[in-house]
Amino acid sequence: MYQTFRPLLEALERLGVDPQALNRATEEAERTGRSIRAVLINDHVVTEDQLTEASADAYGIKFVDLVGYQIDPAAMAKIPLSLVLRHRVLGLSVDEHEITVGITDPGDVVALDDVRAATGLTVRPVVVARTELRKIIERLRREENNLGDVAEALRAEQAAATPDLTTAGDDAPIVKYVNSLIEQAIVNRASDLHLEPTETDMRVRYRIDGVLHEIDTVPRHVQSALISRLKIMSNVDITERRVPQNGRITVQVNQRSVDLRTATLPTVWGEKVVLRVLDTSGINLTLDALGFTAANYERFASAFRKPHGMLLVTGPTGSGKSTTLYATLAQISKPTINIITVEDPVEYRLPGVNQMQVDHKAGLTFAAVLPAILRSDPDVVLIGEIRDRVTAQLAVEAALTGHLVLSTLHTNDAPSTVTRLIEMGIEPFLVGSSVDCVLAQRLARRLCDWCKQEYYPTAAELAAARWPVDHLPTPELLWKPIGCRSCAGTGYRGRIALHEVMPMTNELEELTSQRASAHDLQRVATSQGMHDLRTDGLAKAADGQTSLQEVLRVAA
């Protein structure tokens, strides 16, 4: 067995990989029967880049970077999808006599022989990175059941008889289409899936990195079947079309379970359906991963390190408030403290934390359950959202009686959070003495590392952006989005948080007691070192993490 991958190991040695580590990996592969490549990668002996480079070197063939590579559709079509999925190979280019095939293991002679037999052409292998190959193959697999086939099959079914969706099997066209739609949303990192009826058809859109993208259009005759299928999966009343309904779907994608929250809404053209993807598998619940600057992190950490007081995170829906609070809980959670949360809904399950979910039908609201929580000897209490005066009053009292209270509020910035609590009916002196810190945040799209391009900003461009020269040095370089295969042509991949951290200092507490305006609070907080959302975003644009246009879009 060793002889089969000896050229690869020798190539890795030439790259400087420790020979003893390679020997241990070889023994592990022979002992367990695992692929040597899987052992090398999964046991962190080598990086994927090292393995790819060594594979090309070992077999004396070319390496092709699939990011930005123009793949010939005719070459892809030459190899049957079943063969692509089985051997993880991909047709890249083709001529009359030869097909170029991307493969991660050029020593896999069975795969190359099968391609040669299926195409009848001479096969010229090239080495490609495993991650990029997997992305393309997953996309091909999702596109196997395209909408045109679904619509045509449904027309045939409806011409014969109305399909019985309640008993439709997994091979039914509408079932295959809905499954593909949901799977594609999850794989593409969409946070929401929108199905919106119009006068002539139904529009399908994904929200990816906070921005909606139209990805499909469903013929009007498919609309009823599509909505009915989603209702069945969500376990809601399939016959009720006049009132909004809420449900939940659990699906299996790539060997992991993903929950989706379903909401229907009657419109003039039919029912609109929105599916919120609650996929927590890729969430990194650590504060270090949330993009805090060193100064903002220290200001924020000084609040959650205290044994009591209130810490509020503010921003619009979808601005990452829950993720920040969960990361904060993960930071402070330890066996010596009792943490209780009440949420609507519970999005992440945290070990060592007592989590409750509100149930409005049963009368289990934030205000109703908080007194019971406070009788359960908590050290830390997380309230999903402060929505009314009663909840706000209970939260303030908890913060003043020796508990650390974490919650969210819908306000535009940190200073206006203080005035919002006063408008809710909380006495100003109680707000000033209970609130320790307010964190306002927004999410901006992160520039794709593969294709972002630096450029020299003009003075007019910086002036139009109102660059805060008093707080930030004028940048010589900025970066802009270009678009490539890795980011689906958008120029952005993932998101980064912009923060505005306002600790409650003695001066701010005194202003709060005097019912000062949000503008006065902002002025004093800024003089004490607070950077507003736009300034924080511009600093991250200067650092190459996002673009100037993106900062102005979310924090103008």
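About the cut-offs
Residues numbered from 1 in each chain as written. Predicted model: local features only at pLDDT ≥ 70, side-chain atom pairs only at ≥ 80, totals over all residues. Heavy atoms only, no water. UniProt positions renumbered as here; feature names shortened; annotations may be inferred. Axes fitted to C-alpha atoms, helices over the stretch in contact; angles between N-to-C directions. Helix = DSSP H or I, 4+ residues; strand = E, 2+ residues; numbered from the N terminus. Parallel < 35°, antiparallel > 145°, perpendicular 65-115°, else oblique. Left-handed = near helix turned anticlockwise from the far one by under 90°. Contact = heavy atoms within 4.5 Å. Pairing = 2+ DSSP bridges. Buried < 20%, exposed > 50% of the residue type's maximum accessible area, 1.4 Å probe, protein only. Core = buried A, V, L, I, M, F, W, Y, C linked by side-chain atoms within 4.5 Å. Polar contact = N/O pair within 3.5 Å; in protein donor to acceptor, adjacent residues only side chain to side chain. Phe/Tyr/Trp six-rings, centres within 6.5 Å; stacked < 30°, edge-to-face > 60°. Lys NZ or Arg CZ within 6 Å of the ring centre and 35° of its normal. Salt bridge = Lys/Arg side-chain N within 4 Å of Asp/Glu carboxyl O. Expected span 1.5 Å × (residues − 1). Arc of directions from axis to C-beta. Nonpolar A, V, L, I, M, F, W, Y, C, P; charged D, E, K, R; others polar.

If you look the protein up in an unreviewed UniProt entry, it shows as Bacterial type II secretion system protein E domain-containing protein from Planosporangium flavigriseum. Looking at the protein in UniProt, the text filed under Sequence similarities (unreviewed entry) is "Belongs to the GSP E family."

S.K.: Give a detailed account of the packing of helix H10 (residues 173-187) against helix H11 (residues 220-234), specifying residues and quantitative values.
M.R.: Contact geometry of H10 with H11 gives a least axis separation of 10 Å together with a crossing angle of 70 degrees. Compared by their axis directions, H10 and H11 come out roughly perpendicular. Here H10 and H11 pass one another in a crossing that is right-handed. For the pair H10 and H11, the contacting residues are Ile174, Val175, Tyr177, Val178, Asn179 and Ile182 in the first and Val222, Ala225, Leu226, Arg229, Leu230 and Met233 in the second.

S.K.: Can you break down the UniProt feature "domain: Bacterial type II secretion system protein E" (unreviewed entry) in the protein residue by residue, with the values?
M.R.: The sites that carry the UniProt feature "domain: Bacterial type II secretion system protein E" (unreviewed entry) are, in the present numbering, residues 374-388. Helix makes up 7% of residues 374-388 and strand 27%, and the two end C-alpha atoms of the span are 18 Å apart.

S.K.: Hey, could you go over the sheet that holds strand S1 (residues 89-94) for me, with residue numbers and the actual values?
M.R.: Strand pairing in a sheet relies on backbone hydrogen bonds, with the paired strands running either antiparallel or parallel. Ordered by their spatial adjacency, 3 strands build an open sheet running S1-S2-S3, and the pairing between neighbours is mixed. Looking along the sheet, the strands with just one partner apiece sit at the ends: S1 and strand S3 (122-127). Across the sheet, the mean angle separating the axes of adjacent strands is 35 degrees when strand polarity is ignored. For strand S2 (residues 98-103) and S3, the ladder comprises 6 bridges, and the chain directions are parallel. Counterpart to Gly102 in the pairing with S3 is Val126.

S.K.: I'd like a description of the pairing of strand S7 (residues 245-253), backed by residues and values.
M.R.: Sheet faces and side chains relate simply in a regular strand, where the side chains alternate between the two faces. The alternating pattern of S7 places Gln245, Gly247, Ile249, Val251 and Val253 on a buried face and Asn246, Arg248, Thr250 and Gln252 on a face that is not buried. As paired elements, S7 and strand S8 (residues 256-267) share 9 bridges and run antiparallel to each other. Bridge assignment links Gln245 to a residue of S8, and that residue is Thr264.

S.K.: Could you give an account of the nonpolar core, with specific residues and numbers?
M.R.: The biggest cluster of nonpolar side chains holds 40 residues, and the ones touching the most others in it are Met310, Ile383, Leu421, Val435 and Met502. Looking at this core, the element that brings in the most residues is helix H15 (residues 389-400), giving 6 residues. Leaving out residues up to four positions away in the same chain, Met502 has contacts with Ala414, Pro415, Val418, Asp436, Cys437, Val438, Leu508, Ala525 and Met530. Formed by 31 residues, the second largest nonpolar core is a distinct cluster that contains Ile186, Leu193, Leu195 and Ile208.

S.K.: Tell me about the sheet that holds strand S14 (residues 404-409), and name the residues and values.
M.R.: If you walk across this open sheet you meet the 7 strands as S12-S11-S13-S14-S10-S15-S18, and the pairing is mixed. Looking along the sheet, the strands with just one partner apiece sit at the ends: strand S12 (354-357) and strand S18 (492-503). Ignoring strand direction, the axes of neighbouring strands in this sheet form an average angle of 20 degrees. Two elements, strand S10 (residues 309-314) and strand S15 (residues 435-447), share 5 bridges in a ladder whose sense is parallel. Opposite Leu311, over in S15, you have Cys437 as the bridge partner. Against the sheet, H15 makes contact with S10, strand S13 (380-383) and S14, and its axis sits at roughly 135 degrees relative to S10, the strand it touches most.

S.K.: Could you give an account of the side chain of Thr262, naming the residues involved and the relevant values?
M.R.: Position of Thr262 relative to the elements: it lies in strand S8. Within the local environment of Thr262, its side chain forms a polar contact with the side chain of Ser234, the two groups lying 2.9 Å apart.

S.K.: Now, about the environment of Glu132: what can you tell me, with residues and values included?
M.R.: Along the polypeptide, Glu132 turns up in helix H8 (residues 130-142). Spatially, the C-alpha atom of Glu132 lies 6.3 Å from that of Leu66, the residues being 66 residues apart in sequence. Apart from the residues lying within four places of it in its own chain, the contact partners of Glu132 are Leu66, Val67 and Trp450.

S.K.: So, the packing of aromatic side chains: which residues are in play, and what are the values?
M.R.: Per the stated rule, a full pass over the model turns up 3 aromatic pairs. Each ring, one from Phe292 and one from Tyr297, has its centre 6.2 Å from the other, and the planes form 70 degrees; the classification is edge-to-face. Like Tyr297, Phe292 is buried. When the ring of Phe300 is compared with that of Phe304, the centres are 5.5 Å apart and the planes differ by 70 degrees; the resulting orientation is edge-to-face. Here the residue Phe300 and the residue Phe304 both occupy positions in helix H12 (residues 294-304), the gap between them amounting to 4 residues, near one helical turn. Each member of the pair, Phe300 as well as Phe304, carries the same accessibility label: buried. For the cation-ring pair, Arg445 lies above Tyr492, with the distance from its terminal atom to the ring centre recorded as 4.1 Å. When the ring centre of Trp479 is taken as reference, the NZ or CZ atom of Lys452 above it lies at 5.8 Å.

S.K.: Outline the pattern of salt bridges, supporting the account with residue identities and numerical values.
M.R.: Under the criterion given, the structure shown has 21 salt bridges. Note that Arg205 is salt-bridged to Glu196, the shortest N-O span being 2.8 Å. Across the pair, exposure class does not vary: Arg205 and Glu196 are buried alike. Between Lys452 and Asp449 there is a salt bridge, and its shortest N-O distance comes to 3.8 Å. According to the relative accessible area criterion, Asp449 is exposed, its value standing at 63%. Each of Glu196, Arg203, Arg205 and Lys272 takes part in salt bridges that share partners, so that together they form one network.

S.K.: Any chance you could break down helix H2 (residues 19-32) for me, citing the residues and the numbers?
M.R.: Over its 14 residues, H2 extends 20 Å from the first C-alpha to the last, a length consistent with the 20 Å expected when each residue adds 1.5 Å. Among the residues of H2, those classed as buried are Ala21, Leu22, Ala25, Thr26 and Ala29. Viewed end-on, H2 has its buried residues packed into an arc of 140 degrees, placing them on one side of the element. Exposed side chains of H2 directed beyond 90 degrees from the buried face belong to Gln20, Arg24, Glu27 and Arg31. Summarising the contacts, the buried residues of H2 are in contact with helix H1 (6-14) and helix H3 (36-42). Directly beyond the C-terminal end of H2, a positive phi value near 80 degrees is found at Gly33.

S.K.: Explain the packing of H12 against helix H13 (residues 321-332) residue by residue, including any values.
M.R.: Interaxial distance between H12 and H13 falls to 11 Å at its minimum, and their mutual angle equals 65 degrees. Note on packing geometry: the crossing formed by H12 with H13 is right-handed. In contact with Tyr297, Phe300 and Phe304 of H12, H13 contributes Thr324, Thr328, Gln331 and Ile332. The residue makeup of the contact of H12 with H13, split by class, is 4 nonpolar, 3 polar and no charged.

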